[in-house]
Amino acid sequence: MKTLTALLTMIVIGCYTSGKETVYYGSPPAPAVVREFLGISLTDSIDFIRWKLVIRPDSYELNCRYGVSKGGTNGFVDGKEVAFSGKLSKQGHYFVLQREGRIISILEINSNLLHLLDGNKSLLVGNGGYSYALNSNTPVKSDQFNLPSKQSMPEYVMAFQGRTLCQELSELLGRKAIPACNQMKWYIILFTDSVTGKPSNCLEGGRAYKKETMAKGNWETSGKMEG
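Figured I'd write up the structure that's included with this text. This structure is a prediction, so every number in the text was calculated from the model and none was measured.

## What to know about the pairing of strand β11 (residues 183–192)
Now for step 1: With nine bridges joining them, strand β10 (residues 157–165) and β11 adopt antiparallel strand pairing. In the strand pairing of β11, glycine 162 is matched with tryptophan 186.
Now for step 2: Pairing of β11 with strand β12 (residues 199–205), which is carried by five bridges, proceeds in the antiparallel orientation. For tyrosine 187, the partnering residue across the bridge sits in β12 and is glycine 205.

Next up, the structure:
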């Protein structure tokens, strides 16, 4: 009876472990390192790739739609699709996805956020339209940030740009958005004190921004960051 009980316990634990998964979504651009991993032509015209990535303890599933964006929508003019699964390994905070002898590395910034990396394991840099970040569809509260640290000269001015959902974020911010708005474009400039290096003021703007009309404010850092 004890042997049977132990066996059943192992089966239940095994089923639970194998069933644990997290789903991430994102819309990154299409650089060579990503195209080569996905098996997409390097000459196809592509604005962005919509990812659905399912992460399990030792495997993954990936479904990607890609093509030229259709203006005023979240879709494509003539979208194509690629889907496959493969083996996954984790080295510290890095995921390594394998496919037919090719690999791509992804940094786990925290349990909610992944970021695609280039061949040197450096963060790929997006643009005002598309980011290399992948977001969990079941976010949890976290103050952890796992980012590689590098020795560099201090930057007294830092600029960030990107797009977010329009209706949902407008509601959270108490702003009114027209029904046709499905995305908001952001441009944020952070300034630090040139003597102390501490955060000082910031500017926030959107589409067709001008520094003289950008909203002004202050900023600060919070949470725990790990190198």
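## Section: the state of the cysteines
Now for step 1: Counting across every chain of the model gives one disulfide.
Now for step 2: In this model, cysteine 166 is linked to cysteine 181 through a disulfide, with the two sulfur atoms separated by 1.9 Å. Since a negative S-S torsion denotes a left-handed disulfide, the cysteine 166-cysteine 181 link at about 110° is right-handed. Pair noted here: cysteine 166 is in the loop between β10 and α3 (167–173) and cysteine 181 is in the loop between α3 and β11, with a separation of 15 residues, a long-range link. Each of the two residues, cysteine 166 as well as cysteine 181, counts as buried.

## Points about the nonpolar core
Now for step 1: Ranked by size, the top nonpolar core spans 27 residues in total, and within it Leu38, Ile49, Trp51, Leu53, Tyr60, Leu62 and Leu97 carry the most contacts.
Now for step 2: Those residues in contact with tryptophan 51 that sit more than four places away from it in its chain are Tyr24, Tyr25, Gly26, Pro28, Val34, Leu62, Asn63, Cys64, Leu116 and Leu134.

## Considering the packing of aromatic side chains
Now for step 1: Tallying each qualifying case throughout the model produces four aromatic pairs.
Now for step 2: On the numbers, 5.8 Å between centres and 70° between planes, the contact of phenylalanine 37 with phenylalanine 84 is edge-to-face. In this pair, phenylalanine 37 is assigned in helix α2 (residues 32–38) and phenylalanine 84 in strand β4 (residues 80–91), connecting sequence segments 47 residues apart.
Now for step 3: Using a relative accessible area of 13% as the deciding quantity, one classes phenylalanine 84 as buried.
Now for step 4: An angle of 25° between the planes, with centres 4.5 Å apart, marks the rings of phenylalanine 48 and phenylalanine 76 as stacked. Note that phenylalanine 48 is positioned in strand β2 (residues 48–55) and phenylalanine 76 in the loop between β3 (59–67) and β4, a separation of 28 residues in sequence.
Now for step 5: On the accessibility criterion, phenylalanine 76 (11% relative accessible area) is buried.
Now for step 6: Members of the aromatic cluster, joined through ring pairs, are Phe37, Tyr60 and Phe84.
Now for step 7: Above the ring of phenylalanine 84, the side-chain terminus of arginine 99 is found at 3.9 Å from the ring centroid.

Calculation criteria
- Residues numbered from 1 in each chain as written.
- Predicted model: local features only at pLDDT ≥ 70, side-chain atom pairs only at ≥ 80, totals over all residues.
- Heavy atoms only, no water.
- Pairing = 2+ DSSP bridges.
- Helix = DSSP H or I, 4+ residues; strand = E, 2+ residues; numbered from the N terminus.
- Disulfide = S-S within 2.5 Å.
- Buried < 20%, exposed > 50% of the residue type's maximum accessible area, 1.4 Å probe, protein only.
- Core = buried A, V, L, I, M, F, W, Y, C linked by side-chain atoms within 4.5 Å.
- Contact = heavy atoms within 4.5 Å.
- Phe/Tyr/Trp six-rings, centres within 6.5 Å; stacked < 30°, edge-to-face > 60°.
- Lys NZ or Arg CZ within 6 Å of the ring centre and 35° of its normal.

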